[in-house]
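Here is how the chains run, residue by residue.
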Amino acid sequence: MEPGPGLLEVRRHGAVVTLTGEVDLNTSDLLRSELALACAAGDGDVVVDLTDLAFIGSSGLHVLIETATVLGERRLVLLGGGWAAYVVNLLGLTLRYPNMVLEG
């Protein structure tokens, strides 16, 4: 089921989090809690699939930065292109946070 405008659907299997919809001020806490669970799921990479994400605002980007910082040497792998990948590249987040990696 597709989320309505302004909604975020999060599916998590272990350390893999798939996002559909929008991450904004109203939905960033949901993302934060799911990424915390993904970080605790193991000691390897945490993967976030951004393929079906329509929008990510500054609050969502802040959650990704927090997660990359918490992971330390572990990688935060961002899958998919689209809006989120464009913004991450535009802001140079993968340069500033070397363990944040864009794939796809």
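Residues numbered from 1 in each chain as written. Predicted model: local features only at pLDDT ≥ 70, side-chain atom pairs only at ≥ 80, totals over all residues. Heavy atoms only, no water.

**Student:** What should I look at first to understand the environment of N99 in this one?
**Tutor:** Following the sequence through the fold, N99 ends up in the loop between α4 (93-96) and β5 (100-103). For N99 and L71, which are 28 residues apart along the polypeptide, the C-alpha to C-alpha distance reads 8.1 Å. In this structure the side chain of N99 is engaged in a polar contact, spanning 2.8 Å, whose partner is the backbone oxygen of A68. (Helix = DSSP H or I, 4+ residues; strand = E, 2+ residues; numbered from the N terminus. Polar contact = N/O pair within 3.5 Å; in protein donor to acceptor, adjacent residues only side chain to side chain.)

**Student:** Looking at this structure, how should I read the environment of T20?
**Tutor:** Topologically, T20 is positioned in strand β2 (residues 16-23). On the accessibility criterion, T20 (9% relative accessible area) is buried. The spacing of T20 and L93 is 73 residues in sequence and 21 Å in space, taken between C-alpha atoms. (Buried < 20%, exposed > 50% of the residue type's maximum accessible area, 1.4 Å probe, protein only.)

**Student:** Looking at this structure, how should I read helix α1 (residues 28-40)?
**Tutor:** Helix length check: α1 (13 residues) gives 18 Å between terminal C-alpha atoms against 18 Å at 1.5 Å per residue, within 8%. Considered for burial, the residues of α1 that qualify are S28, L31, E34, L35, A38 and C39. Angularly, the buried residues of α1 cover 145 degrees about the axis, an arc narrow enough to put them on a single face. Those residues of α1 that are exposed and aimed more than 90 degrees away from the buried face are D29 and A40. Looking at the buried side of α1, the elements it contacts are β1 (8-13), β2, β3 (46-56) and α2 (58-71). (Expected span 1.5 Å × (residues − 1). Arc of directions from axis to C-beta. Contact = heavy atoms within 4.5 Å.)

**Student:** Would you take a moment to explain the pairing of strand β4 (residues 76-79) for this structure?
**Tutor:** Taken residue by residue, a regular strand's side chains alternate between the two faces of the sheet. Where β3 and β4 come together, 4 bridges link them in parallel fashion. Opposite V48, over in β4, you have L78 as the bridge partner. Chirality of the crossover, the property in question, places the unit of β3, α2 and β4 among those that are right-handed. By the bridge criterion, 4 bridges tie β4 to β5 in an arrangement that is parallel. (Pairing = 2+ DSSP bridges. Right-handed = clockwise from strand over helix to strand, strands pointing away.)

**Student:** What is the right way to look at the pattern of salt bridges in this model?
**Tutor:** Where charged atoms from two side chains of opposite charge come close, those side chains can pair. Tallied over the entire structure, the rule returns 6 salt bridges. As a salt-bridge pair, D45 and R75 come within 2.9 Å of each other at their nearest N and O atoms. One end of the pair, D45, is in the loop between α1 and β3; the other, R75, is in the loop between α2 and β4, and 30 residues separate them in sequence. In this structure, E103 and R75 form a salt bridge, with 3.8 Å as the shortest nitrogen-oxygen distance. Linking E103 in strand β5 with R75 in the loop between α2 and β4, this pair joins segments that are 28 residues apart in sequence. You can call R75 partly exposed: its relative accessible area is 32%. In this structure, a network of salt bridges that share partners links the residues D29, R32 and E66. (Salt bridge = Lys/Arg side-chain N within 4 Å of Asp/Glu carboxyl O.)

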